[in-house]
Amino acid sequence: MKINSVLIAGAGAIGLPTAETIFKADPGCISILAKGERFERYSKNGFWVNGEKLPLRLTEGEESDLIIVSCKFHHLKQVIEDIRPSVGKDTIILSLLNGISSEEIIGEKLGRERIPLAMIIGTDAHHENGQASYHRKGTIHFGDANGKNGEREEAVAEFFTRTGVEFKLEQNMRRSLWYKYMFNVGGNQTTAILRLPYAALQSKGNPGEIPEARILFEKGMREVITIANAEGIDLNEGDIESINQMLNVFNPDATTSMCQDVLAGRKTELEMFSLTMIELGKKHNIPVPINEIFYLQLKTIEQSQRP
């Protein structure tokens, strides 16, 4: 199994920097999914990353060896149907969406056997008006859901090595996915509600740090630890310290993806974060009051920003 073609489904803050890396290594192997209005818009405006225009090829659905899904959660249902013609017998799908449920949703429609668990962590990419910018692209983590990495995962690792994509092949990917989920539930929602950059959550002595915001961030993460433990995932307080250390290397002026959505008046991904936490809390009979408040606040923000 060798990957010679890759399709990016979602040309935003995650998809475009990843596409840039692959394109510069092998321009002929990569294409961007585009249909209808998006095809016309992408054809007219092109793709820009850190001020450089990339002549990325557009496709409406040719078969690909690897599909990287990097859309917003509320677009996932449509994207699944859009990529269906591109899925062949041996096509591998990597979902870089936030949250813990996209692989299951995609797998139900297109085959769970083709989908390792995956995420990207450590990125500070920003996307607005068709242009992506970043200081840190981040690292793609992936691995078999049951820790049994094989030919499928080895093919992705070989392709990423060949094209220069930063990656880490994980043996316990379920835990890693929940680790990032913990950061997103606390960090994305706190910064989106308060409309604050990463600086507010950092703890390295910058003037933009706000201890009260960091307390709220950590309270949200602790609720994830409780739910994760009930789901059989061994997150703990040491993971909060690890996330705080990682957060301190981020560009303090950058913002989380959810904060970007709120500032731009776009739909957020609250269904992946606070709503999922509320549903899991009910499943395990565990109260999640911080996430209940997060959900109500974000829902109010979305309603108030409707045209």
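The structure reproduced in this document is the subject of the present report. (Residues numbered from 1 in each chain as written. Predicted model: local features only at pLDDT ≥ 70, side-chain atom pairs only at ≥ 80, totals over all residues. Heavy atoms only, no water.)

What follows is about the nonpolar core. Val69, Ile83, Ile93, Trp178, Met182 and Leu235 are the most contacted members of the largest nonpolar core, which has 62 residues in total. Per-element accounting of this core gives the leading share, 10 residues, to helix α6 (residues 173-194). Non-local contacts of Ile83, meaning those with residues more than four positions away in its chain, are made with Leu7, Ala9, Leu33, Ile67, Val69, Ile93 and Leu110. (Core = buried A, V, L, I, M, F, W, Y, C linked by side-chain atoms within 4.5 Å. Buried < 20%, exposed > 50% of the residue type's maximum accessible area, 1.4 Å probe, protein only. Helix = DSSP H or I, 4+ residues; strand = E, 2+ residues; numbered from the N terminus. Contact = heavy atoms within 4.5 Å.)

Quick look at the pairing of strand β7 (residues 87-95) now. Counted residue by residue, β7 has seven buried out of nine residues, so it is predominantly covered. When strand β6 (residues 64-69) meets β7, the two strands line up parallel, connected through five bridges. By the bridge assignment for β7, Ile68 is matched with Leu94. (Pairing = 2+ DSSP bridges.)

Here helix α5 (residues 151-163) contains 13 residues, and its C-alpha end-to-end distance of 18 Å stays within 8% of the 18 Å for a straight helix at 1.5 Å per residue. The secondary structure elements touched by the buried residues of α5 are β1 (6-9), α1 (15-25), β6, β7, β11 (139-143) and β12 (167-169). The first or second residue beyond α5 is Gly164, which carries a positive phi of 80°. (Expected span 1.5 Å × (residues − 1).)

On to the packing of helix α10 (residues 271-284) against helix α11 (residues 289-304). Close contact between α10 and α11 brings their axes to 9 Å; oriented N to C, the two are set at 135°. Between α10 and α11, the angle is such that the two are oblique. For the element pair α10 and α11, the recorded crossing hand is left-handed. Where α10 approaches α11, its residues Ser274, Leu275, Met277 and Ile278 are matched on the opposing element by Asn291, Glu292, Phe294 and Tyr295. Residues that form the contact of α10 with α11 fall into these classes: five nonpolar, two polar and one charged. (Axes fitted to C-alpha atoms, helices over the stretch in contact; angles between N-to-C directions. Parallel < 35°, antiparallel > 145°, perpendicular 65-115°, else oblique. Left-handed = near helix turned anticlockwise from the far one by under 90°. Nonpolar A, V, L, I, M, F, W, Y, C, P; charged D, E, K, R; others polar.)

Turning next to unusual backbone geometry. Phi angles above zero are rare outside glycine, and Asn50 is one such case at about 50°. Inspection of the secondary structure puts Asn50 in the loop between β3 (47-49) and β4 (52-54). Judged by its relative accessible area of 39%, Asn50 is partly exposed. Here the phi dihedral of Asn129 falls at roughly 55°; this positive angle occurs in a residue that is not glycine. Asn129 sits in the exposed class, given a relative accessible area of 73%.

Reading across the sheet, the four strands line up as β4-β3-β10-β9 and stay open at both edges, with mixed pairing between neighbours. Among the strands making up the open sheet, the edge pair consists of β4 and β9 (126-128). Neighbour-to-neighbour, the strand axes of the sheet open up by a mean angle of 25°, direction not taken into account. Strand direction decides the pairing type here: β3 and β4, joined by three bridges, are antiparallel. Bridge assignment links Trp48 to a residue of β4, and that residue is Lys53.

Let us now look at the pairing of β6. Most of β6 is tucked away: five of the six residues are buried. As paired strands, β1 and β6 are joined by four bridges and run parallel to one another. Among the inter-strand pairings, Leu7 is bridged to a residue of β6, identified as Ile67. Note that the unit made of β6, helix α3 (residues 76-83) and β7 has a crossover that is right-handed. (Right-handed = clockwise from strand over helix to strand, strands pointing away.)

Moving on, we come to the sheet that holds β11. With respect to topology, three strands assemble into an open sheet ordered β8-β11-β12, the strand pairing being mixed. Of all the strands in the sheet, just β8 (117-121) and β12 have a single pairing partner and so form its edges. Strand-to-strand twist across the sheet, computed as the mean angle between neighbouring axes with direction ignored, equals 20°. Sheet topology places β8 next to β11; five bridges connect them, and they run antiparallel. Residue pairing in the sheet places Ala118 in a bridge with Phe142 of β11.

Right, let's talk about α6 for a bit. The terminal C-alpha atoms of α6 lie 31 Å apart, and with 22 residues this matches the ideal 32 Å at 1.5 Å per residue to within 8%. A maximum bend of about 25° is found in α6 at Asn184. A large share of α6 lies buried, amounting to 20 of its 22 residues. (Bend = angle between axes of the 7 residues up to and from the residue.)

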